[in-house]
Amino acid sequence: MARAAGSAATRADRSGFTLFELLVSLLILGVVLGAGIGAISSFDPTSHAARGVVANALRQARNDALAFGAPSRVAFEPEARTMRSTGFRVAGTWRFERGSLDGAGGHPAATEGFDVELDTPDGFIGDARDLTLGGAVARVEFDPTSDPGFRLDDGFLFTIAARPELGSGAGRILSFGDALTLDVQANGARDARIRMRGADELGRVREGEPVRLLSKAGALTPGRWSVVGVGHDGAALRLTVNGVTLAERAETRPASRKQGALTLGGGRRSFQGALDDLVVSVVRADSDVPLPSGAEFVARAPFEVRFDVQGRLDPVFHGGPVDVELEYSDGRRATVRISTAGTVL
């Protein structure tokens, strides 16, 4: 019995820590805590926030270029410690669902030449406007003139889904005041005319003659939906069908200010078919975004980062990858790199 009791006491003694084991454990804990405190003390939220703000602005500009198939840019102002993105922004959308003509933005609408409902349930997305239900000059008209964001001066992009009827012939798809018309010819060619502004020899602003973009015949297939686009990105005018450029012309002049009602159909003869999913986008600059306090740009002169229509760095403007360098109040630096493919690292 005595031996059993002694054995149990020995096992109980061995179940705890020895003084040496306790000291080693405290030493390891001290090292871990010291490293953690050092990491926390070296963490600077300003540096992470500043780099994140710059990277986010660049990524958003690249995403805009990819989404709209048009150039975008970010302008940096080191003295003011700000940046500003410029790209396409949606100004108005019309989906034509459930008999409604209202679009995003609340632009008022009116129709002419329709004695019946102009809906068709087999639209590009949901319902659509069927202009064949009206007369030869039937039209749907919207009035965005009171909207200050609905201006084409710096660039624009109109896209609309169109489905011509068999043997429909020529007709007007849409127009925007005297600034822009988009027609289909009898042979299926797309015909866009865009009026641009210029200046005379005295520097006075003058409205120019319309610039014409004409695609080849058969650009649209009767009975099938296609997305037609016409736009200006500040460098060129483009006419597209389903994202493919069919006609293009270099043009740096701003668009005409003879902008009035946005009309579907109308003209000498309305488009004979259905229209759907009208989206109007314009080039617009966002508000200035400031750097967080304690950070500034290393560059001292204003500079830009430009993306092309495929979201890559614009090769005309940039000869290779671009580094946007930041410097913090403690002298440390950080870099946001943009590869030639447009990836923000």
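Parameters and conventions
- Residues numbered from 1 in each chain as written.
- Predicted model: local features only at pLDDT ≥ 70, side-chain atom pairs only at ≥ 80, totals over all residues.
- Heavy atoms only, no water.
- Pairing = 2+ DSSP bridges.
- Helix = DSSP H or I, 4+ residues; strand = E, 2+ residues; numbered from the N terminus.
- Axes fitted to C-alpha atoms, helices over the stretch in contact; angles between N-to-C directions.
- Patch = residues over 30% accessible without salt bridge, like charges linked within 9 Å, V, L, I, M, F, W, Y side chains within 5 Å.
- Areas by Shrake-Rupley, 256 points an atom, 1.4 Å probe, with all protein chains shown as cover.
- Salt bridge = Lys/Arg side-chain N within 4 Å of Asp/Glu carboxyl O.
- Buried < 20%, exposed > 50% of the residue type's maximum accessible area, 1.4 Å probe, protein only.
- 1 Å grid on protein atoms, 1.4 Å probe; cavity = no way out; pocket = protein on both sides within 12 Å on 5 of 7 lines; lining within 4 Å.
- Points joined across faces, edges and corners; volume = space filled by probe spheres on them.
- Nonpolar A, V, L, I, M, F, W, Y, C, P; charged D, E, K, R; others polar.
- Core = buried A, V, L, I, M, F, W, Y, C linked by side-chain atoms within 4.5 Å.
- Contact = heavy atoms within 4.5 Å.

Peer 1: Before we move on, could you go through the sheet that holds strand 15 (residues 262–265) and cite the residues and values that matter?
Peer 2: Strand order in this open sheet of 7 strands is 3-6-15-8-9-10-11, and the pairing throughout is antiparallel. In this open sheet, the two edge strands, each paired with only one partner strand, are strand 3 (109–112) and strand 11 (205–214). The sheet shows a mean angle of 15° between the axes of neighbouring strands, taken without regard to direction. Pairing geometry for strand 10 (residues 190–199) and strand 11, over 8 bridges, is antiparallel. Within the sheet, the bridge partner assigned to Gly 198 lies in strand 11 and is Arg 206.

Peer 1: Any chance you could break down unusual backbone geometry for me, citing the residues and the numbers?
Peer 2: At Arg 81, a position not held by glycine, the phi torsion is positive, near 60°. The phi dihedral of Phe 96 is positive, around 60°, even though this residue is not glycine. Along the chain, Phe 96 turns up in the loop between strand 2 (82–94) and strand 3.

Peer 1: A description of the sheet that holds strand 18 (residues 295–297) should follow, citing residues and the corresponding values.
Peer 2: As summarised here, the arrangement of the 3 strands in space is 18-20-21, forming an open sheet in which the pairing is antiparallel. Sheet topology places strand 18 and strand 21 (333–338) at the edges, where each strand pairs with a single neighbour. The sheet shows a mean angle of 30° between the axes of neighbouring strands, direction not considered. The pairing of strand 18 with strand 20 (residues 322–328) spans 3 bridges and is classified as antiparallel. Paired with Glu 296 across the bridge in strand 20 is Glu 327.

Peer 1: Tell me about a nonpolar patch on the surface, residues and numbers included.
Peer 2: There is a patch of nonpolar side chains on the surface, built from Leu 19, Leu 22, Leu 23, Leu 26 and Leu 29 and spanning about 520 Å² of accessible area. For Leu 23, the position within the fold is in helix 2 (residues 19–42).

Peer 1: Break down the pattern of salt bridges for me, citing the residues and quoting the values.
Peer 2: Following the criterion strictly, the structure yields 21 salt bridges and no others. The closest approach of N and O atoms between Arg 253 and Glu 251, which form a salt bridge, is 2.9 Å. Among the residues examined, Arg 253 registers a relative accessible area of 29% and is labelled partly exposed. Of the charged contacts, one joins Asp 308 and Arg 312 as a salt bridge, the two residues approaching to 3.0 Å between their closest N and O atoms. The class for Asp 308 is buried, based on a relative accessible area of 9%. On the accessibility criterion, Arg 312 (38% relative accessible area) is partly exposed. Three or more residues joined by partner-sharing salt bridges are found here, namely Asp 64, Arg 89 and Asp 286.

Peer 1: Please provide a residue-by-residue account of the layout of surface pockets, values included.
Peer 2: Sizing a probe to match a water molecule and rolling it over the atoms shows the empty space that remains. In this structure, the largest pocket spans a volume of roughly 530 Å³. Taken together, 24 residues make up the lining of the largest pocket; nearest its centre are Pro 71, Arg 73, Asp 233, Gly 234 and Ala 235. When residues of the lining of the largest pocket are assigned to their parent elements, the largest contribution, 4 residues, is made by strand 16 (residues 273–285). By volume, the second largest pocket amounts to about 440 Å³. Around the second largest pocket, the lining comprises 25 residues; the ones closest to its centre are Phe 68, Gly 69, Ala 70, Leu 157 and Thr 240. When residues of the lining of the second largest pocket are traced back to their parent elements, those giving at least two are helix 3 (45–68), strand 7 (156–164), strand 12 (226–232), strand 13 (236–241) and strand 16. Top element by residues in the lining of the second largest pocket is strand 12. It accounts for 6 residues. Across the lining of the second largest pocket, the residue classes tally to 13 nonpolar, 10 polar and 2 charged.

Peer 1: Give me the pairing of strand 16: which residues, what numbers.
Peer 2: The element strand 16 is largely enclosed, with a buried count of 11 among its 13 residues. Note that strand 7 and strand 16 share 8 bridges and pair antiparallel. Across the sheet, Pro 164 pairs through a bridge with Gly 273, a residue of strand 16.

Peer 1: Let's hear about the pairing of strand 9 (residues 180–184): which residues, and what values?
Peer 2: Extensive coverage of strand 9 is indicated by the burial of 5 of its 5 residues. Residue alternation in strand 9 divides its side chains into two sets, Leu 180, Leu 182 and Val 184 and Thr 181 and Asp 183, and both sets are buried. The pairing of strand 8 (residues 171–176) with strand 9 spans 5 bridges and is classified as antiparallel. Counted as the bridge partner of Gly 171 is Val 184 from strand 9.

Peer 1: Give a detailed account of the nonpolar core, specifying residues and quantitative values.
Peer 2: If you look at the biggest cluster of nonpolar residues, it comprises 40 residues, and the most contacted ones within it are Phe 158, Leu 174, Ile 194, Leu 262 and Leu 264. Contact partners of Ile 194, with chain neighbours within four places excluded, come to Phe 156, Ala 179, Leu 180, Glu 209, Pro 210, Val 211, Leu 213, Val 230 and Leu 237. Listed in part, the 25 residues of the second largest apolar core include Ala 50, Val 74, Ala 295 and Phe 307.

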